[in-house]
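A closer look at the structure
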Amino acid sequence: MERAALREKLHLSGIDGAAAETARRRGLGFEVTTFCQAVMLEDPQAVSAAERETAGIGSLWFHAPFAELHPCAIDPLVRDTARLRYRQAIAMARRLGADRVVIHDGFVPFVYFPEWFVEQSVAFWREFLPEVPEHMT
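These notes cover the structure that comes with them.

Analysis parameters
Residues numbered from 1 in each chain as written. Predicted model: local features only at pLDDT ≥ 70, side-chain atom pairs only at ≥ 80, totals over all residues. Heavy atoms only, no water. Phe/Tyr/Trp six-rings, centres within 6.5 Å; stacked < 30°, edge-to-face > 60°. Helix = DSSP H or I, 4+ residues; strand = E, 2+ residues; numbered from the N terminus. Buried < 20%, exposed > 50% of the residue type's maximum accessible area, 1.4 Å probe, protein only. Polar contact = N/O pair within 3.5 Å; in protein donor to acceptor, adjacent residues only side chain to side chain. Pairing = 2+ DSSP bridges. Right-handed = clockwise from strand over helix to strand, strands pointing away. Contact = heavy atoms within 4.5 Å. Axes fitted to C-alpha atoms, helices over the stretch in contact; angles between N-to-C directions. Parallel < 35°, antiparallel > 145°, perpendicular 65-115°, else oblique. Left-handed = near helix turned anticlockwise from the far one by under 90°. Nonpolar A, V, L, I, M, F, W, Y, C, P; charged D, E, K, R; others polar.

A separate point is the packing of aromatic side chains. Note on aromatic pairs: each is described by the distance of the centres and the angle between the planes. In total, this model carries eight aromatic pairs according to the counting rule given. Seen from their ring centres, Tyr86 and Phe128 are 6.0 Å apart, and the 65 degrees between their planes marks the pair as edge-to-face. Placement of the pair is Tyr86 in helix H4 (residues 76-96) and Phe128 in helix H5 (residues 114-128), with a sequence separation of 42 residues. Residues Tyr86 and Phe128 agree in their burial class; the two are buried. Here the aromatic rings of Trp125 and Phe128 are separated by 5.8 Å at their centres, their planes lie at 80 degrees, and the arrangement is edge-to-face. Taken as a pair, Trp125 and Phe128 lie in helix H5 at a separation of three residues, close to a single helical turn. Taken as a pair, Trp125 and Phe128 share a single burial class, namely buried.

So, in C-alpha coordinates, the structure goes:
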(Lines give C-alpha, C1' and ligand atoms only; values in the text may rest on other atoms or scores of the structure.)
Protein backbone atom coordinates (compact mmCIF):
# COMPACT_ATOMS: atom_id res chain seq x y z
CA MET A 1 0.00 0.00 0.00
CA GLU A 2 1.32 3.42 -0.92
CA ARG A 3 1.96 5.95 1.83
CA ALA A 4 -0.77 8.31 0.62
CA ALA A 5 -3.37 5.52 0.64
CA LEU A 6 -2.23 4.40 4.09
CA ARG A 7 -2.36 7.95 5.43
CA GLU A 8 -6.06 8.16 4.45
CA LYS A 9 -6.81 5.07 6.53
CA LEU A 10 -4.94 6.01 9.69
CA HIS A 11 -6.98 7.56 12.49
CA LEU A 12 -5.34 8.37 15.79
CA SER A 13 -7.32 7.68 18.94
CA GLY A 14 -8.39 10.65 21.01
CA ILE A 15 -7.53 8.67 24.13
CA ASP A 16 -4.04 10.11 23.64
CA GLY A 17 -4.21 13.81 24.49
CA ALA A 18 -1.68 14.67 21.77
CA ALA A 19 -3.49 12.75 19.01
CA ALA A 20 -5.57 15.61 17.60
CA GLU A 21 -2.58 17.90 17.14
CA THR A 22 -0.53 15.06 15.66
CA ALA A 23 -3.40 14.23 13.27
CA ARG A 24 -3.59 17.88 12.14
CA ARG A 25 0.17 18.19 11.72
CA ARG A 26 0.58 14.88 9.84
CA GLY A 27 -2.63 14.98 7.81
CA LEU A 28 -4.05 11.89 9.53
CA GLY A 29 -7.56 11.06 10.65
CA PHE A 30 -8.74 11.30 14.23
CA GLU A 31 -11.11 9.21 16.35
CA VAL A 32 -13.24 11.32 18.69
CA THR A 33 -13.38 9.57 22.08
CA THR A 34 -14.83 12.43 24.14
CA PHE A 35 -18.26 10.82 24.18
CA CYS A 36 -17.39 7.23 25.15
CA GLN A 37 -19.35 7.96 28.33
CA ALA A 38 -22.92 8.76 27.34
CA VAL A 39 -23.37 11.55 29.88
CA MET A 40 -20.78 13.61 27.96
CA LEU A 41 -23.26 13.94 25.07
CA GLU A 42 -25.22 16.34 27.26
CA ASP A 43 -22.27 18.31 28.59
CA PRO A 44 -21.94 21.66 26.73
CA GLN A 45 -18.30 21.99 27.81
CA ALA A 46 -17.48 18.55 26.40
CA VAL A 47 -19.21 19.45 23.13
CA SER A 48 -17.26 22.73 22.84
CA ALA A 49 -14.00 20.96 23.67
CA ALA A 50 -14.67 18.31 21.00
CA GLU A 51 -15.42 20.99 18.41
CA ARG A 52 -12.12 22.72 19.21
CA GLU A 53 -10.23 19.42 19.26
CA THR A 54 -11.50 18.33 15.84
CA ALA A 55 -11.12 21.70 14.06
CA GLY A 56 -8.90 21.43 11.03
CA ILE A 57 -8.87 17.63 10.89
CA GLY A 58 -10.12 16.30 7.57
CA SER A 59 -11.25 12.80 8.47
CA LEU A 60 -13.05 11.95 11.69
CA TRP A 61 -14.32 8.77 13.26
CA PHE A 62 -16.67 9.02 16.20
CA HIS A 63 -16.54 6.53 19.08
CA ALA A 64 -20.06 6.25 20.45
CA PRO A 65 -20.68 5.69 24.15
CA PHE A 66 -20.58 2.08 25.25
CA ALA A 67 -20.43 1.79 29.04
CA GLU A 68 -23.74 0.56 30.44
CA LEU A 69 -25.41 0.55 27.00
CA HIS A 70 -26.82 -2.77 25.87
CA PRO A 71 -28.84 -2.57 22.64
CA CYS A 72 -29.88 -6.21 23.00
CA ALA A 73 -30.70 -6.16 26.69
CA ILE A 74 -33.48 -8.31 28.04
CA ASP A 75 -35.13 -5.24 29.62
CA PRO A 76 -36.88 -3.11 26.96
CA LEU A 77 -36.20 0.09 28.94
CA VAL A 78 -32.47 -0.61 28.74
CA ARG A 79 -32.79 -1.08 24.96
CA ASP A 80 -34.68 2.23 24.78
CA THR A 81 -31.84 3.97 26.61
CA ALA A 82 -29.28 2.50 24.21
CA ARG A 83 -31.38 3.65 21.24
CA LEU A 84 -31.64 7.18 22.67
CA ARG A 85 -27.91 7.43 23.34
CA TYR A 86 -27.04 6.05 19.89
CA ARG A 87 -29.36 8.62 18.31
CA GLN A 88 -27.57 11.33 20.28
CA ALA A 89 -24.22 9.89 19.19
CA ILE A 90 -25.21 9.95 15.50
CA ALA A 91 -26.36 13.56 15.88
CA MET A 92 -23.07 14.51 17.55
CA ALA A 93 -21.05 12.69 14.89
CA ARG A 94 -22.93 14.68 12.23
CA ARG A 95 -22.35 17.92 14.13
CA LEU A 96 -18.61 17.26 14.24
CA GLY A 97 -18.45 16.07 10.63
CA ALA A 98 -17.56 12.44 11.33
CA ASP A 99 -18.56 9.95 8.66
CA ARG A 100 -17.72 6.77 10.56
CA VAL A 101 -19.13 5.76 13.95
CA VAL A 102 -17.88 2.97 16.20
CA ILE A 103 -20.65 1.34 18.24
CA HIS A 104 -20.14 -1.66 20.53
CA ASP A 105 -22.81 -4.35 20.41
CA GLY A 106 -23.07 -4.79 24.18
CA PHE A 107 -22.61 -8.58 24.17
CA VAL A 108 -21.72 -9.80 27.63
CA PRO A 109 -20.68 -13.49 27.78
CA PHE A 110 -22.34 -15.50 30.55
CA VAL A 111 -25.24 -13.00 30.60
CA TYR A 112 -26.63 -13.42 27.09
CA PHE A 113 -27.00 -16.68 25.23
CA PRO A 114 -25.39 -16.13 21.80
CA GLU A 115 -28.43 -17.50 19.94
CA TRP A 116 -30.80 -15.13 21.74
CA PHE A 117 -28.39 -12.23 21.44
CA VAL A 118 -28.06 -12.59 17.67
CA GLU A 119 -31.83 -12.65 17.22
CA GLN A 120 -32.31 -9.56 19.42
CA SER A 121 -29.36 -7.82 17.78
CA VAL A 122 -30.79 -8.24 14.30
CA ALA A 123 -34.12 -6.80 15.49
CA PHE A 124 -32.48 -3.81 17.21
CA TRP A 125 -30.17 -2.88 14.34
CA ARG A 126 -32.87 -3.34 11.66
CA GLU A 127 -34.92 -0.74 13.51
CA PHE A 128 -32.03 1.61 14.27
CA LEU A 129 -29.89 1.60 11.12
CA PRO A 130 -32.44 3.31 8.83
CA GLU A 131 -32.00 6.40 11.06
CA VAL A 132 -28.29 6.61 10.23
CA PRO A 133 -27.44 8.96 7.34
CA GLU A 134 -26.54 7.12 4.15
CA HIS A 135 -23.06 8.63 3.97
CA MET A 136 -22.22 7.40 7.48
CA THR A 137 -20.59 4.02 8.15
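More follows now that the structure is in view.
This brings us to the side chain of Thr33. As for its placement among the helices and strands, Thr33 is situated in the loop between strand E2 (29-32) and helix H3 (44-54). A polar contact of 3.5 Å, which involves the side chain of Thr33, links it to the backbone oxygen of Gly14. A polar contact of 3.3 Å, which involves the side chain of Thr33, links it to the backbone nitrogen of Ile15.

With three bridges connecting them, E2 and strand E3 (residues 60-63) associate as parallel partners. For Glu31, the partnering residue across the bridge sits in E3 and is Trp61. Note: E3 against strand E4 (residues 100-102), three bridges, orientation parallel. Bridge pairing in E4 places Phe62 opposite Val101. After leaving E3, the chain enters H4 and then returns to the sheet as E4, a path that is right-handed.

On to the environment of Arg24, then. Here Arg24 is to be found in helix H2 (residues 19-26). Residue classification places Arg24 among the partly exposed positions, given a relative accessible area of 30%. Distance from Arg24 to Thr54, taken between C-alpha atoms, is 8.7 Å for residues 30 residues apart in sequence. Apart from the residues within four sequence positions on either side, Arg24 is in contact with Arg52, Glu53, Thr54, Ala55, Gly56 and Ile57.

Take the packing of H4 against H5 next. The description of two helices packed together rests on the angle between their axes and the distance between the axes. Following both chains from N to C, one finds H4 and H5 inclined at 40 degrees, their axes separated by 12 Å at the closest point. In terms of orientation, H4 and H5 fall into the oblique class. Every pair of crossing elements has a handedness; the one defined by H4 and H5 is right-handed. Contacts between H4 and H5 involve Arg79, Arg83, Tyr86, Arg87 and Ile90 from the first element and Gln120, Phe124, Trp125, Glu127 and Phe128 from the second. In the contact of H4 with H5, the residues fall into five nonpolar, one polar and four charged.

Distances and angles like these do not, on their own, reveal function.
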